[in-house]
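As a plain string of letters, each chain reads:
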Amino acid sequence: MTLDALLAEHAELEKKLADPSVHADQAGARKLGKRYAELGPIVKTARELEQARSDLETARELAAEDAVFAEEADQLARAVPALEEKLTELLLPRDPHDGADVVLEIKSGEGGEESALFAGDLLRMYLRYAERHGWKAEVLDGTDSDLGGFKDVTVAIKSRDASPDGVWSRLKYEGGVHRVQRVPVTESQGRIHTSAAGVLVFPETEDVEVEVDENDLRVDVFRSSGKGGQSVNTTDSAVRITHLPTGIVVSCQNERSQLQNKARAMQVLQARLTALAEEKQQQEASDARRTQIRTVDRSERVRTYNFPESRISDHRVGYKAHNLDQVLDGDLDAVLDALAAADRAERLAGG
């Protein structure tokens, strides 16, 4: 879509959102508002560029008669290319899910109890990161390990406000195998071990395109359990749904009733099926979800957390920092910024 078309679309959306009748349909108004917010930075930068070009032309004309304006012309001459570059970047095709909330799954892998403990560390890292950004995080389901870690855990992370740059725009880079190097609590000789946990991230889309046939589902109900497997309620309210054609299994036990748990599990299932369908349809696209590792093998990793050196290394972009404690406490922005910058550079080069 051309810049002129985007500017016209923004003006039309502004008119629609000013009409009170539009807000009678809250879902529709939210969708319009989201698109309006997405176009806002493009419109703002385009106007700034237009103004800078006009001011530059004027300053150059005045500088021919008065040298005082030469310095202003030089400043504007530097500003125009920067604004042109910024606008070019903003006009790159966006990931359609950037404003979406996410479902994030963490699975322990090679390393036994140490891997499960590391999965618990990763869960805390993402929960703290969500807290720092004012997002709402909810653990939907999990299987505890004997020492207090997680064999697997599923968490939903939601933004409290509609924004073109939502949870997915940040956490979509987290999919893959995360490797840890440290002395496990189970190690009596003080030797450093390497283990791994896998992270899968899926966008939760409002308009789910995948239709789920009830005949393709097996729904099992069971009693919710807590640490150590003890029952935490006396009714079969937890729900496990198996999608028979794909073998995908999701479960939820944190809601109060069986119906609520089933509804939440269905949302997770739809998110996973949507991601799967998009992967098949967009095999040539540079979608980060395609690179997520489905098997947790230590030799295949996106990031390493080295405790002896307090080092975090992201192997996709060569990022390294010695602030492991802060990262595990949710200070992830620096590494995510590096991944986002590499993604932008790749798209600019490809465009």
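To keep things clear, this report deals only with the structure shown in the data block.

What counts, and where the lines are drawn
- Residue positions are counted from 1 within each chain, in the order its sequence is given.
- For a predicted model such as this one, the threshold for reporting local features is a pLDDT of at least 70, and the threshold for listing and counting side-chain atom pairs is 80 or more; totals across whole chains, interfaces and linings nevertheless cover every residue.
- Each side-chain value is worked out from all heavy atoms of the structure, with water and hydrogens disregarded.
- For each residue, the accessible area found with a 1.4 Å probe, counting protein chains only, is set against the maximum for its type, and the residue is called buried under 20%, exposed over 50%, and partly exposed in between.
- Secondary structure elements follow DSSP: runs of H or I no shorter than four residues count as helices, runs of E no shorter than two count as strands, and numbering proceeds from the N terminus.
- One fewer than the residue count of a helix, multiplied by 1.5 Å, yields its expected span.
- Directions drawn from the helix axis to the C-beta atoms are what define this arc.
- Contacts between residues were defined by any pair of non-hydrogen atoms, one from each residue, lying within 4.5 Å.
- By definition here, a salt bridge exists when the distance from a side-chain nitrogen of Lys or Arg to a carboxyl oxygen of Asp or Glu is within 4 Å.
- Axes, fitted as lines to C-alpha atoms, cover a helix only where it is in contact. Angles between the N-to-C directions of the axes lie from 0 to 180 degrees.
- For classification purposes, an angle smaller than 35 degrees is called roughly parallel, one larger than 145 roughly antiparallel, one from 65 to 115 roughly perpendicular, and anything else oblique.
- The sense of a crossing depends on the near helix, which, turned anticlockwise from the far helix by less than a right angle, makes the crossing left-handed and, turned clockwise, makes it right-handed.
- Gly falls in the polar group here, along with every residue not listed as nonpolar (Ala, Val, Leu, Ile, Met, Phe, Trp, Tyr, Cys, Pro) or charged (Asp, Glu, Lys, Arg).
- By the convention used here, strands pair only if DSSP detects at least 2 bridges between them.
- Pairing of aromatic rings covers Phe, Tyr and Trp, the last counted by its six-membered ring, and requires centre-to-centre distances within 6.5 Å; plane angles under 30 degrees mean stacked, over 60 mean edge-to-face, and any other angle means tilted.

### Here we look at unusual backbone geometry
Although it is not a glycine, Ser 310 sits at a positive phi angle of roughly 50 degrees. For Ser 310, a relative accessible area of 24% corresponds to the partly exposed category.

### Concerning helix H8 (residues 333-350)
Under the 1.5 Å per step criterion, the end-to-end length of H8 is 25 Å for 18 residues, consistent within 8% with the ideal 26 Å. For H8, every residue scored as buried is listed here: Val 335, Leu 336, Leu 339, Ala 340 and Asp 343. One face of H8 carries all of its buried residues, which in axial projection span an arc of 135 degrees. As for H8, its buried residues are in contact with helix H4 (112-132), helix H5 (167-171), strand E9 (303-306), strand E10 (311-314) and strand E11 (319-321).

### Concerning the side chain of Ser 237
Structurally, Ser 237 can be placed in the loop between strand E6 (217-222) and strand E7 (238-243). For Ser 237, a relative accessible area of 3% gives the class buried. In this view, Ser 237 contacts Phe 222, Ser 224, Arg 256, Ser 257, Gln 258 and Asn 261; residues no more than four positions away in its chain are not counted.

### A short note on the pattern of salt bridges
For the structure shown, the criterion picks out 28 salt bridges. Between Glu 89 and Arg 344 there is a salt bridge whose closest N-O contact spans 3.1 Å. Of this pair, Glu 89 sits in helix H3 (residues 68-90) while Arg 344 sits in helix H8, placing them 255 residues apart in sequence. In this structure Arg 344 comes out as partly exposed when scored by relative accessible area, which is 30%. Among the ionic pairs, Asp 314 bridges to Arg 316, the shortest N-O distance being 2.8 Å.

### Topic: the packing of helix H2 (residues 26-63) against H3
With their axes 8 Å apart at the nearest point, H2 and H3 run at an angle of 155 degrees to one another. Taken together, the axis directions place H2 and H3 in an arrangement best described as roughly antiparallel. Considering the relative orientation of H2 and H3, their crossing is left-handed. A breakdown of the residues in the contact of H2 with H3 according to their chemical character gives 18 nonpolar, 1 polar and 6 charged.

### Overview of the sheet that holds E9
Strands sit in the order E2-E3-E1-E5-E4-E9-E10-E11 across an open sheet of 8 strands; the sheet is mixed. Two strands bound the open sheet, and with one partner strand each, they are strand E2 (136-144) and E11. Each strand axis lies, on average, 15 degrees off the axis of its neighbour in the sheet, ignoring direction. Examined bridge by bridge, strand E1 (residues 101-108) and strand E5 (residues 193-204) share 8 bridges and lie antiparallel to one another. Bridged to Lys 107 within E5 is Gly 198.

### Observations concerning the sheet that holds E7
On the basis of which strands lie adjacent, the open sheet formed by 3 strands has the order E6-E7-E8 and antiparallel pairing. Two strands in the sheet have a free side with no partner beyond their single neighbour: E6 and strand E8 (248-252). The sheet shows a mean angle of 15 degrees between the axes of neighbouring strands, taken without regard to direction. Of the strand pairs in this sheet, E7 and E8 are connected by 5 bridges, and their pairing is antiparallel. Residue pairing for E8: Ile 241 is matched across the bridge by Val 250.

### What about the packing of aromatic side chains?
By the definition in use, this model includes 2 aromatic pairs. Ring centres of Phe 118 and Tyr 305 lie 5.4 Å apart, and the angle between their planes is 65 degrees; this geometry places the pair in the edge-to-face category. Of this pair, Phe 118 sits in helix H4 while Tyr 305 is found in strand E9, placing the two residues 187 residues apart along the sequence. Each member of the pair, Phe 118 together with Tyr 305, is buried. Taking 5.7 Å as the distance between ring centres and 75 degrees as the angle between the ring planes, the aromatic pair formed by Tyr 129 and Trp 135 counts as edge-to-face. Of the residues examined, Tyr 129 reaches a relative accessible area of 1% and is grouped as buried. The class for Trp 135 is buried, based on a relative accessible area of 11%.

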